[in-house]
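Residues per chain, in single letters:
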Amino acid sequence: MISRRGVLIAAGLTVLPSRAVAAPSIVKPLPASDFIVRGTNAETRWEALRDVGSLVPVSKFFVRNHTSTPVLDAASWRLEIFGSGVTRPLSLSLRDLRALPSCSVEAVIECAGNGRSFFTSQQGQSVAGTPWTLGAVGNARWRGVPLGVLLRLAGLRRSAVDVLPVGLDPEYVTGGVNLGRVRRPLPVSKALDDVLVAYEMNGADLPVDHGYPARLVVPGWAGIASIKWLGSLEVSTTPLHSPWDTDFYRLLGPSYPADGTLVTSQVTKSAVELGWGATLPAGRRLLTGRAWGPAGVRWVSVSTDGRTWRRATPVSRDGWTRWRIPWLATPGEHVLRVRADDQPEVAPYNTQGYLFGAVVRHPVTVVRS
Ligand SMILES: Nc1nc2c(c(=O)[nH]1)N[C@H]1C(S)=C(S)[C@@H](COP(=O)(O)O)O[C@H]1N2
Ligand SMILES: [Mo]
């Protein structure tokens, strides 16, 4: 399938319409049945995952872009690995990367701000940032080269502490300040653990919106760690920083130290595969959903009556846990709640609304069938 932008590029179109049209941030189609568009980002609708297996197809996978998707030329793309933490700097083409030993993992990528709107709607707190509901998450199978393989090939020094991956998307300007390329330091310990430099998603080349030709996949950590459109990796024997670890993706607020706490691992969450405020016919229904956390999920409970909890049945446990539970739905307004493991009733407040891990109250209306 060729996107509209792809068609324009293929046609070598240079004439702009007289009435300026903002360039879309995201290249792939974003049908309203599958996505809620939020500025330069798009979240997946949970009802769109109802008949989907464990892997979220690219056509439904959420997109979080600080600016816009760059359409990079794979033939001239290079990944540069350099810095005080390596003895043999590398410059790899896509072909070089694909020739290295690879592995494939099923892993969730989730924005640290997923669920942010519930700080306001459930807890009455105002927070800054994209007001996601629960759709800034997706699970895919990623293939690529373990970052540890690349670092060792580059002669990783024992004294190396940080790796700074830099994206090739446009520089990020906010509040009139240019913060430069999207980049966030990653400790060498995590880099050597389970991080991939991925070039495939669900068995095909990475789609442009998800980082083509290569991105990091950092399992269990906030989505910002999984830098898309990877252009370089600086490896350093001294700590590295960027606004994405000093200002953003820090927990700030009255219950945190003055300079905040760095966001690394995600928290456990769960969701029902129904629209927000969905209308269902009365009778025997099968509620389905998913639950996920940085180290997997042990159990899932569901409450349909505001009081009691019943254990749901896990359907599959891969990158995330799919679950189901029968429900005898009676006409009226209901609030569905799902709790995976130790999800609390209230999420700790932080000014930027990260890591909303509390149980979400999902309203539905049941009508006589
Ligand atoms: N280069 C670059 N990498 C990036 C981003 C970005 O804007 N630019 N967004 C990050 C954030 S905040 C998230 S949540 C994930 C989203 O990945 P996806 O768009 O493939 O779903 O990508 C991360 N990697
Ligand atoms: Mo994110």
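Here the structure is a predicted model, which is why all the values come from computation and not from measurement. (Residues numbered from 1 in each chain as written. Chains lettered and ligands numbered in written order. Predicted model: local features only at pLDDT ≥ 70, side-chain atom pairs only at ≥ 80, totals over all residues. Heavy atoms only, no water.)

What follows is about the sheet that holds strand 17 (residues 269–272). As summarised here, the arrangement of the four strands in space is 17-19-23-22, forming an open sheet in which the pairing is antiparallel. A strand with exactly one partner marks an edge of an open sheet, and here the two such strands are strand 17 and strand 22 (313–317). Ignoring strand direction, the axes of neighbouring strands in this sheet form an average angle of 25°. The pairing of strand 19 (residues 283–292) with strand 23 (residues 321–329) spans nine bridges and is classified as antiparallel. Paired with Arg-290 across the two strands is Arg-322, which belongs to strand 23. (Pairing = 2+ DSSP bridges. Helix = DSSP H or I, 4+ residues; strand = E, 2+ residues; numbered from the N terminus. Axes fitted to C-alpha atoms, helices over the stretch in contact; angles between N-to-C directions.)

To continue, consider the pattern of salt bridges. In this structure the tally under the stated criterion is 13 salt bridges. Residue Lys-60 is joined to Asp-34 by a salt bridge in which the shortest nitrogen-to-oxygen separation is 3.7 Å. Taken together, the positions of Lys-60 in the loop between strand 2 (41–44) and strand 3 (79–82) and Asp-34 in the loop between helix 1 (4–10) and strand 1 (35–38) put the pair 26 residues apart, joining distant regions of the chain. Here Lys-60 matches Asp-34 in class, with each residue buried. Notably, a salt bridge pairs Asp-342 with Arg-298, separated by 3.9 Å at the nearest N-O pair. In this pair, Asp-342 is assigned in the loop between strand 24 (332–340) and strand 25 (361–367) and Arg-298 in the loop between strand 19 and strand 20 (300–303), connecting sequence segments 44 residues apart. Using a relative accessible area of 56% as the deciding quantity, one classes Arg-298 as exposed. Connected through salt bridges with shared partners, the residues Arg-298, Asp-341 and Asp-342 form a single ionic network. (Salt bridge = Lys/Arg side-chain N within 4 Å of Asp/Glu carboxyl O. Buried < 20%, exposed > 50% of the residue type's maximum accessible area, 1.4 Å probe, protein only.)

It is worth spelling out the site of ligand 1 at this point. Surrounding ligand 1, one finds 20 residues, the nearest of these being Phe-62, Asp-169, His-210, Arg-215 and Lys-228. Take Asp-169: an N or O atom from its side chain is 2.6 Å from a nitrogen atom of ligand 1. At 3.1 Å from a nitrogen atom of ligand 1 is found a main-chain nitrogen or oxygen belonging to Ser-226. About the coverage of ligand 1: the protein hides 100% of its 530 Å² of free accessible area. Here ligand 1 is seated within the largest cavity. Among the residues making up the shell around ligand 1, the classes are represented as ten nonpolar, six polar and four charged. (Near = heavy atom within 4 Å. Polar contact = N/O pair within 3.5 Å; in protein donor to acceptor, adjacent residues only side chain to side chain. Areas by Shrake-Rupley, 256 points an atom, 1.4 Å probe, with all protein chains shown as cover. 1 Å grid on protein atoms, 1.4 Å probe; cavity = no way out; pocket = protein on both sides within 12 Å on 5 of 7 lines; lining within 4 Å. Sits in = over half its atoms within 2 Å of the grid points. Nonpolar A, V, L, I, M, F, W, Y, C, P; charged D, E, K, R; others polar.)

Turning our attention to empty space enclosed by the protein. Applying the stated criterion across every chain yields a total of one cavity of 30 Å³ or more. Taken as a whole, the largest cavity encloses approximately 250 Å³ of empty space. If you go around the largest cavity, you meet 20 residues; those closest to its centre are Arg-64, Arg-215, Gly-223, Ser-226 and Lys-228. Of the residues assigned to the lining of the largest cavity, the class counts are ten nonpolar, five polar and five charged. (Points joined across faces, edges and corners; volume = space filled by probe spheres on them.)

Overall, mixed pairing links the five strands, which are arranged 4-3-14-7-10 in an open sheet. Two strands bound the open sheet, and with one partner strand each, they are strand 4 (90–92) and strand 10 (186–187). Bridge analysis of strand 7 (residues 162–167) against strand 10 gives two bridges, and the strand direction is antiparallel. Residue pairing for strand 10: Asp-162 is matched across the bridge by Pro-187.

Turning our attention to the environment of Cys-111. Following the sequence through the fold, Cys-111 ends up in the loop between strand 5 (103–110) and helix 3 (117–121). Given the relative accessible area of 7%, Cys-111 is considered buried. For the pair Cys-111 and Leu-280, spaced 169 residues apart in the sequence, the C-alpha separation amounts to 30 Å. With near-sequence residues (within four places) excluded, Cys-111 lies in contact with Phe-62, Trp-132, Ala-136, Gly-223 and Gln-266. (Contact = heavy atoms within 4.5 Å.)

This paragraph deals with the domain arrangement of the protein chain. With domains assigned, the protein chain is organised as domain 1 (4–262) and domain 2 (269–367). Relative to domain 2, the C-alpha centre of domain 1 lies at a distance of 27 Å. Across the boundary between the two partners, domain 1 contributes 39 residues, which contact 33 residues of domain 2. Buried surface at the junction of domain 1 and domain 2, summed over both partners, amounts to about 3200 Å²; 58% is from carbon and sulfur atoms. Scanning the region where domain 1 abuts domain 2 turns up one salt bridge. Two residues, Lys-269 and Glu-110, come together in a salt bridge whose shortest N-O distance is 3.0 Å. Of all elements in the fold, only strand 5, helix 3, strand 6 (137–146) and strand 15 (250–251) reach the threshold of two or more residues within the side of domain 1 that touches domain 2. (Domains from an automatic or database assignment. Buried area = accessible area lost by both parts, 1.4 Å probe.)

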